[in-house]
Amino acid sequence: MAKARAPKRTLDSYTVKAINKTVKAGDCVLMRPSDSSKPSYVAKVEKIEADSRGANVKVHVRWYYRPEESIGGRRQFHGSKEVFLSDHYDVQSADTIEAKCTVHTFKSYTKLDAVGNEDFFCRFEYNSSTGAFNPDRVAVYCKCEMPYNPDDLMVQCEGCTDWFHPTCIELTPEEAKRLDHFFCQSCSAEDQKKLQNSHNSRHSDTKVDTKRRRR
């Protein structure tokens, strides 16, 4: 006769003793990888289960993939703290949780005053079987027509208001930070003159932004 499966019960929360943190469904966590040379896995807790005695606690998770874990790999516009919400679900021991973390929306992340070790952001959902992303298109900027990487310094043109990487307009980051005004090659000399005149009596409007600042 087959052994009856032990009944399970769903827990509202679970305190991970190793880190003294309480985790509940909906929280994002860092989980210990089997290969110690790899960074911690990022996951969203979907459900917490234990056996009838409250032991052998398991977490049902939905994995976030780092760009280098995706089929296409890491690309230039991917931020260092960017992750993709995948369709890959799993069950893991709750004791493999190393820390709680926060996966921000892209908009919220760009408004952070400081980015901590446990801060990440997500702007794409990822199909782990096909490598497809949702959304499959996002706004692009600069002459290189790349999506925004919040880690990169960018300069805004006072004419067309588009944003540019200093290297794409033959500037160093230090030179870009010292700019009083900036107009891209596409903006006419007449537009530049009008805007320069309008700024003569007030503070410079040139914007130079890095991550944690909304473009």
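Not measured: the values here are computed from a predicted model.

1. Remarks on the pairing of strand β7 (residues 84–93)
Here is step 1: Note that strand β6 (residues 58–65) and β7 share seven bridges and pair antiparallel. For Tyr 65, the partnering residue across the bridge sits in β7 and is Phe 84.
Here is step 2: Note: β7 against strand β10 (residues 125–126), two bridges, orientation parallel. Residue pairing across strands places Ser 86 opposite Tyr 126, the latter belonging to β10.

2. Here's the deal with the side chain of His 104
Here is step 1: Positionally, His 104 belongs in strand β8 (residues 97–105).
Here is step 2: What makes His 104 buried here is its relative accessible area of 14%.
Here is step 3: Aside from chain neighbours lying at most four places away, what touches His 104 is Tyr 109, Leu 112, Asp 119, Phe 120, Phe 121 and Cys 122.

3. With respect to the pattern of salt bridges
Here is step 1: Under the counting rule described, the total for this entry stands at six salt bridges.
Here is step 2: For the salt bridge of Lys 24 with Asp 27, the shortest nitrogen-to-oxygen distance reads 3.6 Å.
Here is step 3: Note on Asp 27: relative accessible area 12%, which makes it buried.
Here is step 4: With its nearest N and O atoms 3.0 Å apart, the salt bridge here joins Arg 74 to Glu 68.
Here is step 5: For Arg 74, a relative accessible area of 40% corresponds to the partly exposed category.
Here is step 6: Via salt bridges that share partners, Lys 24, Asp 27 and Lys 100 belong to a single interconnected network.

4. Some thoughts on the nonpolar core
Here is step 1: In this structure, Met 31, Ile 48 and Val 59 are the most contacted members of the largest nonpolar core, which totals 22 residues.
Here is step 2: Contributing elements (two or more residues each) for this core: β2 (13–16), β4 (28–31), β5 (41–51) and β6.
Here is step 3: Beyond its immediate stretch of four places on either side in the chain, Ile 48 contacts Arg 9, Thr 10, Leu 11, Ser 13, Tyr 14, Val 23, Lys 24, Ala 25, Val 57, Lys 58 and Val 59.
Here is step 4: Counting 18 residues, the second-largest nonpolar core is a separate cluster that includes Val 155, Phe 164, Ile 169 and Ala 176.

About the cut-offs
Residues numbered from 1 in each chain as written. Predicted model: local features only at pLDDT ≥ 70, side-chain atom pairs only at ≥ 80, totals over all residues. Heavy atoms only, no water. Pairing = 2+ DSSP bridges. Helix = DSSP H or I, 4+ residues; strand = E, 2+ residues; numbered from the N terminus. Buried < 20%, exposed > 50% of the residue type's maximum accessible area, 1.4 Å probe, protein only. Contact = heavy atoms within 4.5 Å. Salt bridge = Lys/Arg side-chain N within 4 Å of Asp/Glu carboxyl O. Core = buried A, V, L, I, M, F, W, Y, C linked by side-chain atoms within 4.5 Å.

Worth remembering: the numbers are spatial, not functional.
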